[in-house]
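# Report on the structure
Residues per chain are reported as follows:
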Amino acid sequence: MSSTFTGETRAFIAGQWVTTSNTFAVTNPFDGAQVARVADCDASHAQTALEASVAAFTWWSKTTAYERSALLKKWHALMLRDEQEIARMIALEMGKPVSEALGEVRYAAGFIEWYAEEAKRVYGETIPSQFAHKRLFAIRQPVGAVYAVTPWNFPAAMVTRKLAPALAAGCTMILKPAEQSPLTALKLAQLWLEAGGHGDVFQVITTNDPIGVSKIMMQDERIRKITFTGSTEVGKILTKQAADTLKRVSMELGGHAPYLIFADADLEQAVKDVIACKFRNAGQTCVCTNRVYVQRDIVAAFTEKLGAAVAALKIGDPLETSTQIGPVVDQAGLEKVIRHVSDAVSKGATIVTGGKVEQGLIFQPTVLGNVSSNMLVLQEETFGPVAPIIAFDTESEAISAANNTPFGLAAYIWTKDISRAVRVAESLEYGIIGLNDAVPSTVQAPFGGVKQSGYGREGGHWGLEEYLFVKYVSLGI
Ligand code: NAD
């Protein structure tokens with residue numbers, strides 16, 4: 001597959017494709033080659049985008065749900081038309097294997113389709129009144145102009161998971177994509193225009209200065225909502241900034257997912273599931289398991305099988321369709337993985353397979369045995385292809401180990417015992433539970449965390465409610 005990039009590199013502000021005097025490089029993590037140079041917007045661009053977004057809200061919010069739905073459907077069809085091109089773009093800008101990136105594009109497009117349908121179901125309520133001379137109504141209206149900040153690990157899906165419900169609800173949105181992966185976001189804006197979307201309703205501000213651009217958005221009370229996906233650290237900064245103007249806040253933050261495998265598990269399936277959960281996107285998803293707890297009776301057999309299966313994963317160029325493990329996104333990401341593995345080994349962990357840098361930014365898919373709670377891998381999000389295995393004896397021990405983290409995004413359980421499945425699912429302090437399911441996320445279901453993994457939900461009707469407020473109307477008759 002060709003590694004030449006020919007797509008859009010200008011920012012998309014107030015309906016215009018904008019060039020800037022400064023640009024920043026987007027680099028292919030596989031070979032370090034420059035993919036493109038992208039417009040580097042500053043505070044003045046941010047101000048222009050903000051004014052356009054606020055002005056557009058006045059008319060966009062008054063369009064009918066049917067008009068918005070029709071537009072979203074066209075946009076969805078165009079995204080699927082160009083799915084191969086977008087998948088390749090994702091592989092180029094952040095190193096996700098292209099076959100997996102195609103799955104992301106379809107998942108991302110699925111949000112647009114789902115919210116195109118759901119736009120028509122923003123129902124209100126009538127409330128029986130205690131007064132004979134009054135009629136009471138609750139209606140739901142869009143919150144206003146929204147600022148969205150997204151991470152690099154899902155350049156399409158993290159965007160549409162916010163954008164589709166926001167537009168369906170009647171909000172306008174300014175998107176600031178991650179500096180590592182702005183190209184897919186710009187492609188989505190191109191398709192929005194082609195579908196007939198208005199350039200003030202959805203804008204993309206590319207920048208290498210997220211702090212300066214965000215400051216403009218966060219201090220202005222006319223931006224009524226901030227929706228953020230990324231690290232817990234940055235999420236806290238934006239939440240504090242949002243307090244000054246009391247913006248609505250949705251935070252999809254970091255995770256530290258445990259995978260609890262009980263002795264009655266289907267071992268072959270559990271191995272496949274842990275691989276699907278841990279090694280996709282080279283371990284760089286917020287719901288990738290970081291800690292695999294295995295009941296002691298089966299830990300040796302499970303470790304051996306997992307080690308053999310992981311050693312067989314195909315490492316290589318993300319543009320090759322057969323590649324299963326590509327590079328991590330950048331040097332800082334690689335260094336974190338190396339630090340976590342060497343810390344674990346220095347404290348007594350064994351390397352079952354992998355453990356080293358393969359080439360460039362590719363870290364070998366790794367399984368660690370004999371892992372204990374004093375190791376960094378069990379404390380911080382590794383965001384790399386490393387599966388640490390920890391033995392446990394009892395159900396209650398596994399639950400308390402799983403909950404012993406400030407994070408609460410996703411947790412996984414493998415058991416055939418339905419009573420235990422329900423008990424454990426109810427006891428885990430997480431927003432998402434995969435019960436004999438390694439990839440629970442889907443467009444119609446709620447996605448989001450508790451504790452320091454954030455608040456708010458994306459997906460399903462919950463995702464739409466994040467962009468609506470309830471207005472109560474009392475009518476005297
Ligand atoms: P990050 O927090 O470093 O960056 C995310 C975004 O925030 C980027 O667009 C970046 O430019 C911007 N940003 C950085 N500093 C900022 C500041 N001070 N003010 C405003 N914007 C700022 O995260 P990342 O490294 O891109 O992504 C990885 C993290 O995202 C992981 O912790 C992962 O778990 C999390 N994540 C969570 C979910 C979820 O749904 N919960 C999904 C994907 C990723």
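Residues numbered from 1 in each chain as written. Predicted model: local features only at pLDDT ≥ 70, side-chain atom pairs only at ≥ 80, totals over all residues. Heavy atoms only, no water.

## Quick notes on the packing of aromatic side chains
For the structure on display, the rule yields 11 aromatic pairs. Ring centres of W75 and F202 lie 6.0 Å apart, and the angle between their planes is 50 degrees; this geometry places the pair in the tilted category. In this pair, W75 sits in helix α2 (residues 65-81) while F202 sits in strand β9 (residues 202-204), placing the two residues 127 residues apart along the sequence. Classification of W75 by relative accessible area gives buried; the value is 0%. Where F262 meets F392, the ring centres are 5.3 Å apart and the plane angle is 80 degrees; that geometry is what we call edge-to-face. With a gap of 130 residues between them, F262 in the loop between β12 (257-261) and α9 (267-279) and F392 in strand β18 (residues 386-392) connect regions that are remote in the sequence. Of the two residues examined, F262 and F392, each falls in the buried class. K96 extends its terminal NZ or CZ atom over the ring of F154, reaching a point 3.8 Å from the ring centre. In this structure, R161 is placed above the aromatic ring of F447, and the distance from its NZ or CZ to the ring centre is 4.0 Å. (Phe/Tyr/Trp six-rings, centres within 6.5 Å; stacked < 30°, edge-to-face > 60°. Helix = DSSP H or I, 4+ residues; strand = E, 2+ residues; numbered from the N terminus. Buried < 20%, exposed > 50% of the residue type's maximum accessible area, 1.4 Å probe, protein only. Lys NZ or Arg CZ within 6 Å of the ring centre and 35° of its normal.)

## Some remarks on the site of the ligand
The ligand sits among 29 residues. The nearest are T150, E179, S231, L253 and E381. Take E179: an N or O atom from its side chain is 2.6 Å from an oxygen atom of the ligand. For the ligand, whose unbound accessible area comes to 850 Å², protein coverage reaches 88%. Taken together, the residues of the shell around the ligand sort by class into 16 nonpolar, eight polar and five charged. When we break the shell around the ligand down by domain, the ones giving at least three residues each are domain 1 (11-253 + 453-476) and domain 2 (257-442). (Near = heavy atom within 4 Å. Polar contact = N/O pair within 3.5 Å; in protein donor to acceptor, adjacent residues only side chain to side chain. Areas by Shrake-Rupley, 256 points an atom, 1.4 Å probe, with all protein chains shown as cover. Nonpolar A, V, L, I, M, F, W, Y, C, P; charged D, E, K, R; others polar. Domains from an automatic or database assignment.)

## Thoughts on the domain arrangement of the protein chain
The domain boundaries assigned to the protein chain delineate domain 1 (11-253 + 453-476) and domain 2 (257-442). The distance between the C-alpha centroids of domain 1 and domain 2 comes to 31 Å. With 23 residues of domain 1 at the contact, the number on the domain 2 side is 29 residues. The junction of domain 1 with domain 2 conceals about 2,100 Å² of combined surface from both sides, 60% of it contributed by carbon and sulfur atoms. Looking at the side of domain 1 facing domain 2, the largest losses of area belong to F30, W152 and S453, adding up to 28% of the total buried there. Connecting domain 1 to domain 2 are eight residue pairs in polar contact (both at pLDDT 80 or more). Elements with a contribution of two residues or more to the side of domain 1 that touches domain 2: α3 (83-94) and α4 (98-118). When grouped by side-chain class, the residues that make up the side of domain 1 that touches domain 2 number 11 nonpolar, six polar and six charged. (Contact = heavy atoms within 4.5 Å. Buried area = accessible area lost by both parts, 1.4 Å probe.)

## A word on the sheet that holds strand β6 (residues 134-142)
Pairing in this open sheet of three strands is antiparallel, and the strands run β5-β6-β24 from one edge to the other. Because the sheet does not close on itself, it has two edges, and the strands there are β5 (125-127) and β24 (468-476). Pairwise comparison of adjacent strand axes, ignoring direction, gives a mean angle of 25 degrees for this sheet. By the bridge criterion, nine bridges tie β6 to β24 in an arrangement that is antiparallel. What sits directly across from L136, in β24, is S474. (Pairing = 2+ DSSP bridges. Axes fitted to C-alpha atoms, helices over the stretch in contact; angles between N-to-C directions.)

## Considering the sheet that holds β12
Consider a sheet: its strands pair through backbone hydrogen bonds, and that pairing is either parallel or antiparallel. In space, the seven strands of this open sheet follow the order β14-β17-β18-β13-β12-β20-β21, with mixed pairing throughout. This sheet does not close on itself; its edge strands, each paired only once, are β14 (350-353) and β21 (432-435). If you compare each strand with its neighbour and ignore which way they point, the axes differ by 25 degrees on average. With four bridges joining them, strand β20 (residues 410-414) and β21 adopt parallel strand pairing. Within β21, the position partnered with A411 by the bridge is I433. Running over the sheet, helix α10 (residues 296-311) touches β12, β13 (289-295), β14, β17 (366-369) and β18 and is turned about 135 degrees from β13. Sheet strands touched by helix α12 (residues 395-403): β12, β13 and β18. Its angle to β13, the strand with the most contacts, is close to 170 degrees.

## Topic: unusual backbone geometry
Backbone phi values are negative for most residues with the exception of glycine, while trans is the configuration of most peptide bonds. Of note, the phi angle at L246 is positive, near 50 degrees, even though the residue is not glycine. Locating L246 in the fold gives a position in the loop between α8 (232-245) and β11 (248-252). Backbone geometry places N370, a non-glycine residue, at a positive phi of 55 degrees. When you line up the elements, N370 lands in the loop between β17 and β18.

## A few points about the pattern of salt bridges
For the coordinates displayed, the defined rule picks out 21 salt bridges. Across the pair D82 and R81 runs a salt bridge whose closest N-O atoms are separated by 2.9 Å. A relative accessible area of 10% places D82 in the buried class. Take R81: its relative accessible area is 48%, and that puts it in the partly exposed class. E104 is the salt-bridge partner of K96, the closest N and O atoms lying 2.5 Å from each other. We classify K96 as buried; its relative accessible area is 1%. Through salt bridges with shared partners, one network takes in R81, D82, E85, K187 and E194. (Salt bridge = Lys/Arg side-chain N within 4 Å of Asp/Glu carboxyl O.)

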